[in-house]
Amino acid sequence: MGRRYIGASIKRVEDPKVLTGSTSYVDDITPSGTAYLSLVRSPYAHAIIKKIEFQAAERERILAAVSGRDLAKSVKPIPLFVTPPGVKKRQIFPLAIDKVLYVGHAVAALVSSSKYEAEDVSELVSVDYDVLPPVTNVEDAIREDAPILFNEWGDNVAYSMKEEAGDVEKAFREADFLFSEKLRVQRQYGAPIEPRGVVASYDPGNSYLTVWSSTQWPHVLRTVLSETLSIPENKIRVIAPDVGGGFGSKQDIYPEEVLVPYLAIKLGRPVKWFATRSEDIVATSHAREQIHFVEIAVRKDGVILGLKDRILADIGAYHVMSIGAQQVTAATMTGPYRIRNCLVELSCIVTNKTPAGAYRGFGQPKSTFVLERVLDLVANEMGLDSAEIRLRNFIQSKEFPYTTAFGLTYDSGRYDECLRKALKLVNYEKFRMEQAKLREAGRKIGLGISFYVETGGLGPSRLFGGRGIKYYSGHEYCTLRIDPSGKIVVLSGLSPQGQGTATTLAQVCADELGVDVDDVTVIHGDTEMVPYGFGTWGSRGAALGAASVLMNTRKLKEKMSGIVAHHFGVGVDEVEFDEGLFHVRARTDQTMSLTDVVKLAYTGHDLPEGMEPGLEAGSFYDPPEITASYAAHIATVEVDVEVGKVNILGYAIVHDAGTVINPMLVEGQVHGGVAQGVAGALFEELVYNKDGSLLTPTLIDYLIPTSMDLPSMVIEHLDTPSPFNPLGIKGIGEGGAIGPPAAIANAIADALGPTGRFVTETGMNGEKLWNLLRR
């Protein structure tokens, strides 16, 4: 059967709604009689709550005032999602009860009939604090005399693990060259264009709760609400309407998502909360911040014999998703290379900062930066070419499927070809010759390489011998229905935030059933309408969602083939399907269109004995393994030493996402990911002072790059289908963000010559670069 849509760059079916302003985001939803929630947040990073007084606020006709102690009588704690063996647990309530742990920690909730009134009366609440000394960086937090966030723990280490593969000590003894370095990745915030928001309405007559949230996983939120509010799930409806970006930061369960429904039930009227940008920055999960103490053992020909890494991960005040990304960093430290002897020690440290959570790349930008930066440092020290040291250590195509030292199975790949193709895109040898001439003229031009593997489409991971991430299965469910007119409805448990998922699922469905893509409607994001799914995150949308659609189309084609066979009095094995037409093999006069078969299915006439009428199928797709896309990123930069500025001259990407459903959408994902990667490489950083106050609380201080700061990108594709996916698909949603921090850091270092040896952190903004240049 020929394919009209898979592999075609058709326009997104979601776009007309966006372009005509017909979208409906959380802040557009205001049921009649809505009241507004405002939160009193701590100005201190670490303090005992001695007393909260609401009297002044209550004189202003507020509808409700709730403290943490009040709430704990009615609401159960929010469950932790990532709990590997040995992790220390803490109870997470929507409001602080006895102690605040970071600036912005919510201590009280007030509800008023207008948004502005709610904000005004929250300022009338009096909170008496006993301020404690805070700890704001991981190296201070692990000292014996450090302030302790959770006294019952005895220290600030939430989780630690040590994993060794192979014979590391032997590798280091036999190495010709040993290298060590301390590397740092800065703290960031996802900054989706739409801040977080929640609306809830309660129907007391039917004991039915409806919640609208800008979440990435509405079914998971429904499950948590059932647990925390003690309401059966069949009495809760969660809707993720149009969501303006998530990037992992909305893949969490936040206090407001429990508070707003609780207050709607308590008051018997709708309640709404929508964050301001400055509130979103302090109240939405942070990510990335780690320190790595890495050692590498290398043979004189550049072959890596062994690797050691001690990781200190700053997880802030610890929340639902704080541990997961850190484990992924540790598990992916070997990258695309044949490193069989490795030792990783991971410590997840709590500090008095906003809790850490998921962000695009989920741990992999950190491991990629550290490994790729170290490779360039080693190559420079040994007098090797930065491309050649990678080529000498790549996993080879014949070795796939390849299981890494830490238990991740990579499905397929052509790493050598990918890097060589990227080098050709930038005319590598010519660049090196021109670079030498420009250096003589005083210009500092550099080239940096980054190569990574993006693990996605969560499957039954065996990393760390099964002791790794354990929260939700990788499966995804979908229902597919052909209605009596022959039009198709796909009900998906995915919950996208702008990825174009409805388009890609419709393309797969249309190809498989031989219909026009406009005949397919995809519905998602409403727990009352769609089957239980785990939402959109972890580059799983196409890999899992499209596979589930494929399974359903095959089920329905099998049923329809049975109807056709019965109608013509032939065996099912004689019926073939192509381009929307069923026909009996070798009998050109015995054909039926899909629409004609659908009519038979719904009228119930002329059906095989025992066959039920209608055409509807549901399927779980549970992947056998992760998918492992990969890419080479090469950045070329010029460093202006007079002003401490990095200008990106060019950016080339060669990536392999397996079978590509829609090349245009894939390139869009890459463009957006690179933009966030550039932000992490040069612009964004959440900075705290020693008192635990955030010094970058607005977008004036937290610098997000504009289109003027981003490079033109040259993108080329490889297509190595995954043997673990029925369509050969690999994930692509996070990859663009993984490569740039390492590629740009390596390019800056290359441009600076000997001084580049000191490029050991991401977030090389003007201040850091200026200080580096004056070492």
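Please refer to the structure higher up on the page.
Residues numbered from 1 in each chain as written. Predicted model: local features only at pLDDT ≥ 70, side-chain atom pairs only at ≥ 80, totals over all residues. Heavy atoms only, no water.

Caption draft 1: Focus on the overall build of the chain. Of regular secondary structure, the chain possesses 21 helices and 30 strands. Here the chain, with 775 residues, has 63% of them falling under the buried criterion. Across the chain, contacts joining residues at least 24 apart in sequence account for 81% of those joining residues at least 6 apart. Separation of charge centres in the chain, based on 78 positive and 96 negative side chains, amounts to 3 Å. (Helix = DSSP H or I, 4+ residues; strand = E, 2+ residues; numbered from the N terminus. Buried < 20%, exposed > 50% of the residue type's maximum accessible area, 1.4 Å probe, protein only. Contact = heavy atoms within 4.5 Å. Lys, Arg positive; Asp, Glu negative; His and termini not counted. Charge placed at Lys NZ, Arg CZ, Asp CG, Glu CD.)

Caption draft 2: Summary view of the environment of alanine 330. Residue placement: alanine 330 occurs in helix 10 (residues 324–331). Residue alanine 330 is classed as buried on the basis of its relative accessible area, which comes to 0%. The spacing of alanine 330 and alanine 628 is 298 residues in sequence and 16 Å in space, taken between C-alpha atoms.

Caption draft 3: Just the pattern of salt bridges, in detail. The final tally for this structure, using the stated rule, is 45 salt bridges. Here arginine 69 makes a salt bridge to aspartate 98, at a shortest N to O gap of 2.4 Å. Taken together, the residues arginine 69 in helix 3 (residues 68–72) and aspartate 98 in the loop between helix 3 and strand 4 (99–100) connect sequence positions 29 residues apart. Between lysine 250 and glutamate 194 there is a salt bridge; the shortest N-O distance is 3.0 Å. One end of the pair, lysine 250, is in the loop between strand 12 (236–239) and helix 8 (255–267); the other, glutamate 194, is in the loop between strand 9 (188–189) and strand 10 (197–203), and 56 residues separate them in sequence. The pair formed by lysine 250 and glutamate 194 is uniform in burial state, with each residue classed as buried. The structure contains a network of salt bridges with shared partners spanning Arg41, Arg196, Glu256, Arg277, Glu279 and Asp280. (Salt bridge = Lys/Arg side-chain N within 4 Å of Asp/Glu carboxyl O.)

Caption draft 4: Main features of the side chain of glutamine 251. Take glutamine 251: it is sitting in the loop between strand 12 and helix 8. Judged by its relative accessible area of 3%, glutamine 251 is buried. Once you skip the residues sitting within four places of it in the chain, glutamine 251 turns out to touch Gln216, Trp217, Met321, Ala358 and Trp537.

Caption draft 5: Representation of the nonpolar core within the structure. Formed by 163 residues in total, the largest nonpolar core has its most connected members in Leu37, Leu682 and Ile748. By residue number, the principal contributor to this core is helix 20 (residues 740–752), which donates nine residues. Core analysis: the next-biggest nonpolar cluster, separate from the first, contains 51 residues, Ile10, Cys478, Val570 and Val598 among them. (Core = buried A, V, L, I, M, F, W, Y, C linked by side-chain atoms within 4.5 Å.)

Caption draft 6: How the structure looks around the environment of histidine 566. As for its placement among the helices and strands, histidine 566 is situated in helix 16 (residues 541–568). Overall, histidine 566 belongs to the partly exposed group, its relative accessible area being 37%. For the pair histidine 566 and glutamate 609, spaced 43 residues apart in sequence, the C-alpha to C-alpha distance is 9.3 Å.

Caption draft 7: The arrangement of the packing of aromatic side chains in detail. Within this structure, the stated rule accounts for 17 aromatic pairs. Measuring from ring centre to ring centre gives 6.1 Å for tryptophan 217 and tryptophan 537, while their planes differ by 75°; the resulting arrangement is edge-to-face. Here tryptophan 217 is found in the loop between strand 11 (208–213) and helix 7 (218–229), whereas its partner tryptophan 537 is found in the loop between strand 23 (520–523) and helix 16, with 320 residues between them in sequence. Overall, the relative accessible area of 0% leaves tryptophan 217 in the buried class. Residue class for tryptophan 537 comes out buried when judged on its relative accessible area of 9%. Here phenylalanine 400 and tyrosine 415 contribute two aromatic rings whose centre-to-centre distance is 5.3 Å and whose plane-to-plane angle is 75°, an arrangement assigned as edge-to-face. Pair noted here: phenylalanine 400 is in the loop between helix 12 (386–391) and strand 18 (402–403) and tyrosine 415 is in helix 13 (residues 415–425), with a separation of 15 residues, a long-range link. The class of phenylalanine 400 is buried, set by a relative accessible area of 14%. What makes tyrosine 415 buried here is its relative accessible area of 0%. Aromatic ring contacts, followed pair by pair, group Tyr337, Phe394, Phe400, Tyr415, Phe451 and Tyr630 into a single cluster. Taking the ring centre of tyrosine 254 as reference, the NZ or CZ of arginine 196 above it sits at 3.7 Å. (Phe/Tyr/Trp six-rings, centres within 6.5 Å; stacked < 30°, edge-to-face > 60°. Lys NZ or Arg CZ within 6 Å of the ring centre and 35° of its normal.)

No statement about biological role is implied by the geometric values presented.
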